[in-house]
Amino acid sequence: MPAAVADLAALYGTVPDGLPAGRLWLRANMVTSTDGAAAVGGRSRGLSGQSDRMVFAVLRSLADVILVGASTVRTEHYRPVATAGVWAGLRAGRPAVPAIAVVTRSLDLGPATALLDSATPDEPVVIITTEDAPAEQRTAAGKHARVIVAGERQVDVRAAISALAGLGYRAILAEGGPSLLGQVAGAALLDELCLTLSPVLVAGQADRMVSGAAAAAEPARLTLQHVLADDEGYLFCRYIRAART
């Protein structure tokens, strides 16, 4: 494992002192332009760089499960995490790769079904949906993935996270999109935000990093843990929310 990867794992692999043993930890990892755009041409790839991809791989390597919305799965062409996409030395005591958990209210996955078709017991996928999702689509999804029902007409994100924890997924990495992160933030479930600032200006009407949630009575206060910089001008910020019990 390269020294740079080990150094990043040391920086991102610790959580605040005093947390109960085994408590779940939900971190989000997002990249934005310097003017706050979460995508270029509808995708985040145009904002990323070599160092950002390294951080991305390290955070995936430290996760038990990757939480993502169905729209992001479709747009970013998600597939199960391959062993080549994580660092084996950071997964001691865990399965070889993290699972992917997809949040979908209606189970109308469209192109995202390619993710299910590629799933294997060693590269698992979890589908989180609602009671209103068509029973036949739930049955079809269940042939390739574990299906969790969390909510009647809308996904209850608290119930979803609780169900993931019940499956043994304690280190949860949310990769978007903005609507899902809005639900997570609105439910006060976000423990950590890893934010990459890309040295580009996008302008236009691109989504912000977190959207869709009603404004909280009081904005969540975050504590800056570190800021890293690379030679290309990217900034890597790690924020921790005030500790929950």
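Residues numbered from 1 in each chain as written. Predicted model: local features only at pLDDT ≥ 70, side-chain atom pairs only at ≥ 80, totals over all residues. Heavy atoms only, no water.

**Student:** How would you sum up the pairing of strand 7 (residues 192-198)? Please name residues and give values.
**Tutor:** Of all seven residues that make up strand 7, six are buried, and the element is covered over most of its length. Strand direction decides the pairing type here: strand 1 (residues 25-33) and strand 7, joined by seven bridges, are parallel. Bridge pairing in strand 7 places Arg-27 opposite Glu-192. The pairing of strand 7 with strand 9 (residues 235-241) spans six bridges and is antiparallel. Bridging across to strand 9, Thr-196 finds its partner in Phe-236. (Buried < 20%, exposed > 50% of the residue type's maximum accessible area, 1.4 Å probe, protein only. Helix = DSSP H or I, 4+ residues; strand = E, 2+ residues; numbered from the N terminus. Pairing = 2+ DSSP bridges.)

**Student:** Give a description of the nonpolar core that names residues and reports values.
**Tutor:** Residues Tyr-12, Ile-100, Val-102, Val-125 and Ile-127 are the most contacted members of the largest nonpolar core, which totals 35 residues. Broken down by secondary-structure element, the contributors of at least two residues to this core are helix 1 (3-12), helix 2 (50-61), strand 2 (65-69), helix 3 (70-75), strand 3 (99-103), helix 4 (113-118) and strand 4 (125-129). Looking at which element gives the most residues to this core, the answer is helix 1, with four residues. Setting aside residues no more than four positions away along its own chain, Ile-100 makes contact with Val-65, Ile-66, Val-68, Tyr-78, Arg-79, Pro-80, Val-81, Leu-115, Pro-124, Val-125 and Val-126. Membership of the second largest hydrophobic core comes to 31 residues, among which are Val-103, Leu-164, Ala-165 and Leu-190. (Core = buried A, V, L, I, M, F, W, Y, C linked by side-chain atoms within 4.5 Å. Contact = heavy atoms within 4.5 Å.)

**Student:** Can you tell me about the environment of Gly-151, naming the residues and giving the values?
**Tutor:** Along the polypeptide, Gly-151 turns up in the loop between strand 5 (146-149) and helix 6 (157-166). When its relative accessible area of 23% is taken as the criterion, Gly-151 is described as partly exposed. Distance from Gly-151 to Glu-131, taken between C-alpha atoms, is 6.4 Å for residues 20 residues apart in sequence. In this view, Gly-151 contacts Thr-129, Thr-130, Glu-131 and Asp-156; residues no more than four positions away in its chain are not counted.

**Student:** A description of the pattern of salt bridges should follow, citing residues and the corresponding values.
**Tutor:** In total, this model carries seven salt bridges according to the counting rule given. Among the ionic pairs, Asp-64 bridges to Arg-94, the shortest N-O distance being 2.7 Å. A residue pair is termed long-range when its members are at least 10 positions apart, and Asp-64 in the loop between helix 2 and strand 2 and Arg-94 in the loop between helix 3 and strand 3 qualify at 30 residues. Residues participating in the shared-partner salt-bridge network are Arg-27, Glu-192 and Arg-238. (Salt bridge = Lys/Arg side-chain N within 4 Å of Asp/Glu carboxyl O.)

**Student:** Could you give an account of the packing of helix 1 against helix 2, with specific residues and numbers?
**Tutor:** At a minimum axis distance of 10 Å, the contact between helix 1 and helix 2 shows a crossing angle of 60°. Regarding the angle of helix 1 to helix 2, the classification is oblique. Crossing handedness for the pair helix 1 and helix 2: right-handed. Residues Ala-4, Val-5, Leu-8, Ala-9 and Tyr-12 of helix 1 pack against Met-54, Val-55, Val-58 and Leu-59 of helix 2. Grouping the constituent residues of the contact of helix 1 with helix 2 by class yields nine nonpolar, no polar and no charged. (Axes fitted to C-alpha atoms, helices over the stretch in contact; angles between N-to-C directions. Parallel < 35°, antiparallel > 145°, perpendicular 65-115°, else oblique. Left-handed = near helix turned anticlockwise from the far one by under 90°. Nonpolar A, V, L, I, M, F, W, Y, C, P; charged D, E, K, R; others polar.)

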